[in-house]
Amino acid sequence: MIYYGKQNLNNLDIANVIKSLKAEKITQGEKPLEFENKLKTKFKSKYAISLSSGTAALHCIGLSLNWTEEDIILTSPITFIASASCALMTNSKIDFVDIDKDIFSMDPNALEDKIKLYRKKNKKITAVVITDFAGQPADWLDFYYLKKKYDIQLINDNCHSYGATYKDDIGYASKYADAVSLSFHPVKHITTIEGGAILTNNYQIYKNSKLFRSHGIDRNVQLTKRYPWKYNVKTLGYNYRMNDIQAALGISQLNRLDEFIVKKKKIAKIYDNFLNDFEFIKKPILKTNRTHSYHLYVLKINFDRLKYSKSKLFKFFKLSGITLQVHYIPLFYHQIFKKIKIDKEKFVNSVQYYKECFSVPIFSGIKKKEISKVKETLFNLKKKIYEK
Ligand SMILES: *Cc1c(COP(=O)(O)O)cnc(C)c1O
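Not measured: the values here are computed from a predicted model.

Calculation criteria
- Residues numbered from 1 in each chain as written.
- Predicted model: local features only at pLDDT ≥ 70, side-chain atom pairs only at ≥ 80, totals over all residues.
- Heavy atoms only, no water.
- Helix = DSSP H or I, 4+ residues; strand = E, 2+ residues; numbered from the N terminus.
- Buried < 20%, exposed > 50% of the residue type's maximum accessible area, 1.4 Å probe, protein only.
- Polar contact = N/O pair within 3.5 Å; in protein donor to acceptor, adjacent residues only side chain to side chain.
- Contact = heavy atoms within 4.5 Å.
- Patch = residues over 30% accessible without salt bridge, like charges linked within 9 Å, V, L, I, M, F, W, Y side chains within 5 Å.
- Areas by Shrake-Rupley, 256 points an atom, 1.4 Å probe, with all protein chains shown as cover.
- Salt bridge = Lys/Arg side-chain N within 4 Å of Asp/Glu carboxyl O.
- Lys, Arg positive; Asp, Glu negative; His and termini not counted.
- Charge placed at Lys NZ, Arg CZ, Asp CG, Glu CD.
- Phe/Tyr/Trp six-rings, centres within 6.5 Å; stacked < 30°, edge-to-face > 60°.
- Lys NZ or Arg CZ within 6 Å of the ring centre and 35° of its normal.
- Near = heavy atom within 4 Å.
- Nonpolar A, V, L, I, M, F, W, Y, C, P; charged D, E, K, R; others polar.
- Axes fitted to C-alpha atoms, helices over the stretch in contact; angles between N-to-C directions.
- Parallel < 35°, antiparallel > 145°, perpendicular 65-115°, else oblique.
- Left-handed = near helix turned anticlockwise from the far one by under 90°.

1. What about the side chain of asparagine 302?
Tracing the chain through its elements places asparagine 302 in the loop between strand S11 (297-301) and helix H12 (303-306). With a relative accessible area of 18%, asparagine 302 lands in the buried category. One polar contact links the side chain of asparagine 302 to the main-chain amide nitrogen of arginine 305, over a distance of 3.1 Å. For asparagine 302, the contacting residues outside a window of four places in its chain are Gln352 and Glu356.

Right under this line is the structure:
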C-alpha cells in the first residue's frame, strides 16, 4: 500500500542512531544541543529549542508568550489540530480565519477583517498561528504588516514548510514570525521518529520555552558552582525534551534535507506535467516570491459538477494499492469546537476547499514504480470519468 507520506532512512542514519545508543548519555547529553546548533545555522534563527514533538513546540510557544484565558488566538481551519489546540492548552480562546483560495494558508485580508470585527467589540487579538500549508510559505509580508499595524504576535506553524524559501530566504520563518514550530514526525520532511523544535530570534521565548520543556526547573550556574545539588522549580513545566537518540537521528536527517526537497520538487514536477491535460483536476498553484517544499501534493476536483464522489475516488485508488488522504477536515467541524459560532459564509474558501481536496502520495523515498502507479490510476480515473 502506498501512503501519502513516509520516512526516508538510509544506512548512515541507522548507523548514527546505533552509535548514539552506545554513548554515555542517551538523554540530556550533548546531542540535542548539537542538533539545535545545526537547526539554527540551517534556518538562520538566533535560537533553536529541540522538543519531543511539534505539538509540544506549539504548546511551549503559547506558554512562553504568557497566553492565558484572557487571550484570543486565531488560526485557519485548514491545518492540523495542534495549530488550534495549543491555544486551548493555555486556556485561551481560539477563533478561525478563512484561507486563501489558491494556496490554502490563512488569507491576510480575512485576518484583517477578523481583527477589525473584534476591535468593534473592544477586543484585541493576541496572536495568530499561521500554517505554511503543504510546503508553500504563506503571504508573510502581508502578515508582518498586520503584526505591526495591530500589535499582534505571529506564530509560524512551519511543520510542512521548513526547507522552502520566501523571497529567496530559507530563514524566512523566524524572520517574520515571533516563533516558529517544526515537527519531525515520520511523514514530515525529516524525522526524529517523534520530535519537534522551536525557532525564534526572541531571547525571552527561548529562555521560557527551555523552562517549560524541563519541569520548570531553573539552574543558576553561579549557584550550582557552590551548591552542586541545587536547582529551583520556578513554574509548572513538562517533560517535553528530545532525547539524544532522536537528536542524533535529527542531525543525520538534517544533512539530507536539501536532497529530500529536491526529490519532492521533482515528483511534483512529474505530477504537474502529467496532469496538464486533466482539465477536471486543479493542480497546486505556486505564488510569486517563494518556493514550495511539497510536504503535500494536494489536488482538487469539483465532485458535484462531475457527479462523482470523494468516497468513490478513495475506493478507486485503494483498489490500485494507493491510500489517498484529506488535509484537512476544517477544524470547526470537529466536536471539540462545537461551541464556537461559525458563520459559514465567512469560510467559503475553507468549505469549498474541503469538498474538493485530496492528497496523493509524495515523499522523497517513493519508488519510480510507485509514481507510475499513481499516474496510471489517475489516467484510469480520467478514462472512467469521460466514459460516463
Ligand atoms: C505535524 C504537524 C503538527 C504537529 O506535529 P507533531 O510532531 O505530530 O506533534 C502541527 N502542525 C502541523 C501543521 C503539522 O502538520
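That covers the picture; the talk isn't over yet.
2. What to know about a positive patch on the surface
Taken together, Lys307, Lys312, Lys315, Lys384 and Lys388 make up a surface patch of like positive charges. As for its placement among the helices and strands, lysine 388 is situated in the segment after helix H15 (368-387). In this structure lysine 388 comes out as exposed when scored by relative accessible area, which is 59%.

3. Digging into a nonpolar patch on the surface
A contiguous nonpolar patch, built from Leu9, Ile14 and Ile18 and spanning about 240 Å² of accessible area, is present on the exposed surface. For isoleucine 18, the position within the fold is in helix H1 (residues 11-21). The partly exposed category is assigned to isoleucine 18, whose relative accessible area is 42%.

4. Let's talk about the packing of aromatic side chains
Working definition: an aromatic ring pair is given by the centre-to-centre distance plus the angle between the planes. Evaluation of the coordinates by the stated rule reveals 29 aromatic pairs. Ring geometry for phenylalanine 43 against tyrosine 162: centres 6.2 Å apart, planes inclined by 80 degrees, an arrangement best described as edge-to-face. Of the two residues, phenylalanine 43 sits in helix H2 (residues 31-43) while tyrosine 162 sits in the loop between strand S5 (153-157) and helix H7 (172-176), which places them 119 residues apart along the sequence. Ring plane angle 45 degrees and centroid distance 4.5 Å describe the contact between phenylalanine 104 and tyrosine 353, whose orientation is recorded as tilted. Taken together, the positions of phenylalanine 104 in the loop between strand S3 (93-96) and helix H5 (108-120) and tyrosine 353 in helix H14 (residues 348-356) put the pair 249 residues apart, joining distant regions of the chain. By way of ring pairs, the aromatic residues Phe96, Phe332, Tyr333, Phe337, Phe347 and Tyr354 are connected into one cluster. The ring of tyrosine 118 carries lysine 121 above its face, with NZ or CZ at 4.9 Å from the centroid. Stacked on the ring of tyrosine 354, the Lys or Arg lysine 310 has its end atom at 5.2 Å from the ring centre.

5. Comments concerning the site of the ligand
Around the ligand sit 14 residues, and of these Gly54, Thr55, Asp157, Ser183 and Lys188 come closest. Contacts to the ligand include aspartate 157, whose side-chain N or O atom sits 2.7 Å from a nitrogen atom. Contact between the ligand and serine 183: an oxygen atom at 2.7 Å from a side-chain N or O atom of the residue. Contact with the protein chains covers 92% of the free accessible surface of the ligand, which is 380 Å². The class makeup of the residues in the shell around the ligand is four nonpolar, eight polar and two charged.

6. Regarding the packing of H5 against helix H6 (residues 140-150)
One way to put it is that H5 packs onto H6 with a least axis distance of 10 Å and a crossing angle of 15 degrees. By the angle between their axes, H5 is roughly parallel relative to H6. The chirality of how H5 crosses H6 is right-handed. Contacts between H5 and H6 pair Pro108, Leu111, Glu112, Ile115, Lys116 and Arg119 from the former with Asp142, Phe143, Leu146, Lys149 and Tyr150 from the latter. Tallied by class, the residues present in the contact of H5 with H6 amount to six nonpolar, no polar and five charged.

7. With respect to the environment of isoleucine 205
For isoleucine 205, the position within the fold is in helix H8 (residues 203-213). The class for isoleucine 205 is buried, based on a relative accessible area of 2%. A C-alpha to C-alpha distance of 18 Å links isoleucine 205 and tyrosine 144, two positions 61 residues apart in sequence. With residues near it in sequence (within four places) discarded, isoleucine 205 still touches Ser64, Leu65, Asp178, Ala179 and Thr200.

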